[in-house]
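# Secondary and tertiary structure notes
Each chain is listed here by its residues.
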Amino acid sequence: MQSKRPSLRAQTPPHAKTPNQTRSRLSQLMMPEHANMLGTVHGGVLMKLVDEAAAICAMRHAQSTCVTLGVDSMTFRSAVNVGQVVQLDARVTFVGRTSMEIGVHVVAEDPIQGAVTHTNSAFLVFVAVDPDGAPVEVPPLILESEEDKAYFAEGAARQLARKKRQQ
Ligand SMILES: CC(C)(COP(=O)(O)OP(=O)(O)OC[C@H]1O[C@@H](n2cnc3c(N)ncnc32)[C@H](O)[C@@H]1OP(=O)(O)O)[C@@H](O)C(=O)NCCC(=O)NCCS
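The rules we used
Residues numbered from 1 in each chain as written. Predicted model: local features only at pLDDT ≥ 70, side-chain atom pairs only at ≥ 80, totals over all residues. Heavy atoms only, no water. Core = buried A, V, L, I, M, F, W, Y, C linked by side-chain atoms within 4.5 Å. Buried < 20%, exposed > 50% of the residue type's maximum accessible area, 1.4 Å probe, protein only. Helix = DSSP H or I, 4+ residues; strand = E, 2+ residues; numbered from the N terminus. Contact = heavy atoms within 4.5 Å. Near = heavy atom within 4 Å. Polar contact = N/O pair within 3.5 Å; in protein donor to acceptor, adjacent residues only side chain to side chain. Areas by Shrake-Rupley, 256 points an atom, 1.4 Å probe, with all protein chains shown as cover. Nonpolar A, V, L, I, M, F, W, Y, C, P; charged D, E, K, R; others polar.

## Quick look at the nonpolar core
Among the nonpolar cores identified, the biggest contains 30 residues, and Val86, Leu88, Met100, Ile102, Val104 and Phe126 are the most heavily contacted of them. Every element with two or more residues in this core is listed here: helix H2 (43–62), strand E3 (85–95), strand E4 (99–109) and strand E5 (116–129). A per-element tally of this core places H2 first, with 9 residues. Apart from the residues within four sequence positions on either side, Val104 is in contact with Val50, Ala54, Leu88, Asp89, Ala90, Asn120, Ser121, Ala122 and Leu124.

## Observations regarding the site of the ligand
Residues in contact with the ligand amount to 15 residues; listed here are only the nearest, Thr68, Arg97, Thr98, Ser99 and Lys163. In the environment of the ligand, an oxygen atom lies 2.7 Å from a nitrogen or oxygen atom belonging to the backbone of Arg97. Take Lys163: an N or O atom from its side chain is 3.0 Å from an oxygen atom of the ligand. Surface burial for the ligand is 56%, taken as the share of its 960 Å² of free accessible area covered by protein chains. Looking at side-chain class alone, the shell around the ligand contains 5 nonpolar, 7 polar and 3 charged residues.

If you want it as structure tokens, here you go:
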């Protein structure tokens, strides 16, 4: 019988990709079960969606299981209401040897009026791992546009700062 578990590693060797090839976009309608006591969307719901959108990107790039190593600070610039659609746009911004930085941009859309508000953005670091949870190499990132190159340079600087903070 075939296993129903998703594969942990691709059957073909992971290959270099552009950020566009692995970009992930998620949309979710906010319902009453997502609300906090004020009736607006709970921050934890948004954090989970950010982690999921970023994880999809990381797995697409690494062609491997990935774990979240950390999330840079997340500031909610405006509240999200029940009835709005949260849209997440995640892209690989930087890759190291086994780690990847993913940037996620989140907006809330009023699907009836069409208004769109930026709610928060975050950078997350993921590490590609083997079935035993040990870090494995990720493929290079192909930098096509000036925007890709700028994100990569900024991501490299942020990664250096994270490591310095850890020391
Ligand atoms: C992520 C994990 C596999 C890393 O293991 P490790 O033994 O510390 O691995 P390493 O020291 O080789 O570091 C792995 C990568 O993370 C990077 N890293 C380590 N500490 C870091 C930090 N504070 N900030 C940013 N990157 C860091 C390393 O530079 C390395 O990247 P590189 O290969 O691109 O240079 C391990 O810490 C772990 O399993 N953590 C738990 C993850 C988890 O449960 N997440 C929540 C659920 S998904």
